[in-house]
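Observations on the model geometry
Take a look at the letters that make up each chain.
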Amino acid sequence: MKNERVHSHDVTQAAYNVLLERGVTIDDIAEIVYEMQGPYNEKLKLDECVESVEKVLLKREMQHAILVAVELDRLAEEKKLSEPLQTLVETDEGLFGVDETIALGASLGYGSIAVTTFGHLDKNKIGIIEKLDTKRGGGVHTFLDDMVAAIAANASSRLAHRLRDIEENLPENERRIIEDE
């Protein structure tokens, strides 16, 4: 039997779908980005934050991390993980750092701003991250809260770098190349 590759459009759509199914919207994440970057850019608009989140979600590594994270949360909800992993994930054990490790790995492609912003968001639980972390509304979100933090951190970093490029008067075509890398 020959394994066929999954088309990238299908993976992108699946990542968007699992976020929505778990109650996370692009706007939820964009609001976090706005809160993170607003103090550094008084002209920042929420629609720029939405666009940045959407660009981050086009990265395969991010999509893959989201799909793995949500699948592990779902398996824990269905009590399909073996012990002691089941209890570690279901209770979001404080010393269980695999959830942060996956999310941090997904942040590394956006540089030190993304890494430090991820740490801040992981510690301070802003916006939808707090809702997911405190389990309001039920469900297991051990991995998802950290993935949302990673997405927001990456989108924030992307905007910070974009602002510098604008301040340096880089031509639009050069900024697009850099932003799409």
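Anything mentioned here points back to the structure above.
A brief structural summary.

Cut-off values and rules
Residues numbered from 1 in each chain as written. Predicted model: local features only at pLDDT ≥ 70, side-chain atom pairs only at ≥ 80, totals over all residues. Heavy atoms only, no water. Helix = DSSP H or I, 4+ residues; strand = E, 2+ residues; numbered from the N terminus. Expected span 1.5 Å × (residues − 1). Buried < 20%, exposed > 50% of the residue type's maximum accessible area, 1.4 Å probe, protein only. 1 Å grid on protein atoms, 1.4 Å probe; cavity = no way out; pocket = protein on both sides within 12 Å on 5 of 7 lines; lining within 4 Å. Points joined across faces, edges and corners; volume = space filled by probe spheres on them. Nonpolar A, V, L, I, M, F, W, Y, C, P; charged D, E, K, R; others polar. Phe/Tyr/Trp six-rings, centres within 6.5 Å; stacked < 30°, edge-to-face > 60°. Polar contact = N/O pair within 3.5 Å; in protein donor to acceptor, adjacent residues only side chain to side chain. Contact = heavy atoms within 4.5 Å.

1. Observations concerning helix α2 (residues 26-37)
When the terminal C-alpha atoms of α2 are compared, their 16 Å separation across twelve residues agrees well with the 16 Å that a helix rising 1.5 Å per residue should span. For α2, the complete set of buried residues consists of Ile26, Asp28, Ile29, Ala30, Ile32, Val33, Met36 and Gln37.

2. Some points on empty space enclosed by the protein
Counted according to the given criterion, the structure contains one cavity of 30 Å³ or more. For the largest cavity, the calculated volume is near 40 Å³. Considering the residues around the largest cavity, the lining is formed by Gln37, Asn41, Leu44, Leu159, Ala160 and Leu163. Broken down by element, the residue count for the lining of the largest cavity peaks at three residues, all from helix α9 (residues 144-167). Counted by class, the lining of the largest cavity contains four nonpolar, two polar and no charged residues.

3. Description of the packing of aromatic side chains
If you walk through the whole model with that rule in mind, you get one aromatic pair. Residues Phe96 and Phe143 carry aromatic rings whose centres are separated by 6.1 Å and whose planes lie at 85° to one another, so their mutual orientation is edge-to-face. Placement of Phe96 in the loop between α5 (85-90) and α6 (98-107) and of Phe143 in the loop between α8 (128-133) and α9 is noted, with a sequence separation of 47 residues between them. Phe143 carries the same exposure label as Phe96, and that label is buried.

4. Quick notes on the side chain of Ser157
Its location among the elements puts Ser157 in helix α9. Overall, Ser157 belongs to the buried group, its relative accessible area being 0%. Within the local environment of Ser157, its side chain forms a polar contact with the backbone oxygen of Tyr110, the two atoms lying 2.6 Å apart. Those residues within four positions of Ser157 in sequence are excluded, and the remaining contacts are Tyr110, Ile113 and Ala114.

5. Brief notes about the environment of Glu54
Mapped onto the elements of the fold, Glu54 is located in helix α3 (residues 46-56). Judged by its relative accessible area of 34%, Glu54 falls in the partly exposed class. In this structure, the C-alpha to C-alpha distance between Glu54 and Ser156, residues 102 residues apart in sequence, is 12 Å. Setting aside residues up to four positions removed in sequence, Glu54 forms contacts with Tyr16 and Ile26.

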